[in-house]
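Here are the chains, one letter per residue:
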Amino acid sequence: MIIQSKNFNIKHIADSGQCFRMNQMNQDTYNLVAFGKYIELTQQGPDTIEITCSEEDYETIWKEYFDLSYQYDTIVTSLINGEDIFLREAAAYGSGLRILKQDLFEILISFIISQRKNIPAIKSCIEQLSKKYGDKINHNNQTFYTFPTPERLSNAKQSELREIGLGYRDVYILKTSQAVANGDIDLLKLKSCSNEEAMNQLKNLPGVGIKVANCVALYGLHQIDAFPIDVWIARILNDIYNNQFELEQYNGYAGIVQQYMFYYIRNKK
DNA sequence: GGCCAGGTTCTAC
DNA sequence: GTAGAACATGGC
């Protein structure tokens, strides 16, 4: 399917550190496994993307996944034309970034893994988890793997998880998966909770603190006001803004601002 | 080979 | 309530 949308850049999204299973195949094409499906995306032009999916899957999965009903263009343009010099540069540099609506359990586990790991290492762990506990997807004689369900992960052995390279996070992942699988926390219910209530419930899970909970809120619950602060964002807030950054200016879309900051500081030369 | 990575938890005041 | 250390491992 050919999708026309302003502010939709696959390369920027793939390298934005919000999703870990989007990989480059060649110059303009990336692949992705999410929600049990395999797709390829090709950037055909600044506002044109081809997705290898049926019209039905586009309407029921990918349109929402890539948040294509939301007008990022307006916000990004206002940042580019705004008074904040750093954000002007960041918005221009990362133009095309969007906040994805990803699977809650996958986001939860992925960001528990992310603590004190760099992005290549996170991706490696997630691929191995999927290969070991996910389902196979065959595509053109290649095999891909879905992200494991809570039930499958909750039945993993700690020693098996340790072999994947998860380190001390193995217990966090096991216990969190068990909490989801046995109903101690209802992830779907979080979607109808306030940010405060969702954060409180998430932070009760082992391995989930303020930053991971914010990432779940932003990338899983699509609370685009959430503003996760990791080492890179903290560095910006300190070095660029002398810890005087006024978050309130961006009420209603602070998470988008955060994403452009992160992408810019990580990728600019 | 040492430093750092999209932090959280535990301990000690 | 909050500062400081401990935590496993791999990428660069």
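Every chain is numbered on its own, with residues counted from 1 as its sequence reads. Each chain is given a letter, starting from A, and each ligand a number, starting from 1, according to the order in which they appear as written. With pLDDT at 70 or above as the cut-off, local features in this predicted model cover only qualifying residues; side-chain atom pairs require 80 or more to be listed or tallied, and sums for whole chains, interfaces and linings still use all residues. Hydrogens and water are ignored here; the side-chain numbers use all heavy atoms of the structure.

**Observations concerning the protein's contact with DNA strand C**
The test is simple: Being near a molecule or strand, for a residue, comes down to having at least one heavy atom within 4 Å of it. Any pair of N or O atoms that falls within 3.5 Å is considered a polar contact. Within protein, one atom must be able to donate a hydrogen and the other to accept it, and sequence-neighbouring residues count only if both atoms are side-chain atoms. In the scheme used here, Gly and all other residues not listed as nonpolar or charged are polar, with Ala, Val, Leu, Ile, Met, Phe, Trp, Tyr, Cys and Pro taken as nonpolar and Asp, Glu, Lys and Arg as charged.
Neighbouring residues of DNA strand C: Arg116, Asn118, Pro120, Arg162, Gly165, Gly167, Tyr168 and Arg169. For DNA strand C, the backbone makes up 65% of the atoms found within 4 Å of the protein, where backbone means sugar plus phosphate. A distance of 3.4 Å separates a base nitrogen of DNA strand C from a polar side-chain atom of Arg169. Of the residues belonging to the surface near DNA strand C, the class tally is two nonpolar, three polar and three charged.

**A look at the packing of helix H5 (residues 104-114) against helix H12 (residues 210-219)**
Quick reminder of the rule: The convention used is that axes are lines fitted to C-alpha atoms, helices contributing only their stretch in contact, and that angles between N-to-C directions extend from 0 to 180 degrees. Secondary structure is summarised from DSSP: a helix means a run of H or I of at least four residues, a strand means a run of E of at least two, and numbering begins at the N terminus for each. Each angle gets one of four labels, with under 35 degrees taken as roughly parallel, over 145 as roughly antiparallel, 65 to 115 as roughly perpendicular, and the rest as oblique. When the near helix sits turned anticlockwise from the far one by under a right angle, the crossing is termed left-handed; a clockwise turn instead gives a right-handed crossing. Contacts were defined at the residue level, with two residues in contact if any of their heavy atoms lie within 4.5 Å.
In contact at an axis separation of 9 Å, H5 and H12 are set at 150° when each is read in the N-to-C sense. In terms of orientation, H5 and H12 fall into the roughly antiparallel class. Like other packed secondary-structure pairs, H5 and H12 cross with a definite hand, here right-handed. Only Lys211, Val212, Cys215, Val216 and Tyr219 of H12 make contact with H5, whose side of the interface consists of Leu104, Ile107, Leu108, Phe111, Ile112 and Ser114. Partitioning the contact of H5 with H12 into residue classes produces nine nonpolar, one polar and one charged.

**A look at the side chain of Gln223**
Keep this limit in mind: Relative accessibility under 20% of the residue-type maximum defines a buried residue, over 50% an exposed one, and the middle range a partly exposed one, all with a 1.4 Å probe and only protein chains included.
Mapped onto the secondary structure, Gln223 falls in the loop between H12 and helix H13 (231-239). What makes Gln223 buried here is its relative accessible area of 16%. Side chain to side chain, Gln223 and Asn195 meet in a polar contact 2.7 Å long. Aside from chain neighbours lying at most four places away, what touches Gln223 is Cys193, Ser194, Asn195, Ala198, Ala217 and Leu218.

**A short note on the packing of H13 against helix H14 (residues 254-267)**
Two elements in contact, H13 and H14, have axes whose closest approach is 10 Å; the angle formed by their N-to-C orientations is 95°. As summarised for this structure, H13 and H14 are arranged roughly perpendicular, according to the angle between their axes. On H14, the residues touching Trp232, Ile233 and Ile236 of H13 are Gln258, Met261, Phe262, Ile265 and Arg266. Here the contact of H13 with H14 is composed, by residue class, of six nonpolar, one polar and one charged.

**Thoughts on H12**
Counting buried positions along H12 gives eight out of ten residues, so the element sits mostly inside the fold. For H12, the set of buried residues is Val212, Ala213, Asn214, Cys215, Val216, Ala217, Leu218 and Tyr219. Buried residues along H12 sit against H5, helix H11 (195-203) and H14.

**Considering the protein's contact with DNA strand B**
Near DNA strand B, the surroundings consist of 30 residues, among which Gly17, Asn118, Ile119, Arg235 and Gln258 are the closest. Near the protein, meaning within 4 Å, the atoms of DNA strand B are sugar or phosphate in a fraction of 59%, with bases accounting for the rest. Backbone polar atom of Lys211 to a phosphate oxygen of DNA strand B: 3.4 Å apart, as the coordinates give it. Taking Tyr219, its side chain carries an N or O atom lying 2.9 Å from a base oxygen of DNA strand B.

**Structural notes on the sheet that holds strand S2 (residues 22-26)**
Put simply, the rule reads: If DSSP finds at least two bridges between two strands, the strands pair.
Across the sheet, which stays open at both edges, the five strands sit in the order S1-S5-S4-S3-S2 with antiparallel pairing between neighbours. If you trace the sheet from one side to the other, it starts and ends with strand S1 (2-4) and S2, each paired once. The average angle at which neighbouring strand axes cross in this sheet is 30°, direction not considered.

**Concerning the packing of aromatic side chains**
Selection rule: Note on aromatic contacts: the rings of Phe and Tyr and the six-membered ring of Trp form a pair at centre separations within 6.5 Å, being stacked when their planes are under 30 degrees apart, edge-to-face when over 60 apart, and tilted otherwise. Placement of a charge over a ring requires the Lys NZ or Arg CZ to be within 6 Å of the ring centre, with the centre-to-atom vector within 35 degrees of the ring normal.
Evaluated as defined, the whole model comprises 19 aromatic pairs. Ring centres 6.1 Å apart and planes at 20° place the aromatic pair Phe227 and Phe245 in the stacked group. Here the residue Phe227 occupies a position in the loop between H12 and H13, and Phe245 occupies one in the loop between H13 and H14, the gap between them amounting to 18 residues. In this structure an aromatic cluster arises from ring pairing among Phe86, Tyr93, Phe227, Tyr241, Phe245, Tyr250, Tyr253, Tyr263 and Tyr264. Over the aromatic face of Phe8 sits the side chain of Arg98, whose NZ or CZ is 5.7 Å from the ring centroid. The cationic tip of Arg266 hangs over the ring face of Trp232; the distance from NZ or CZ to the ring centre is 5.0 Å.

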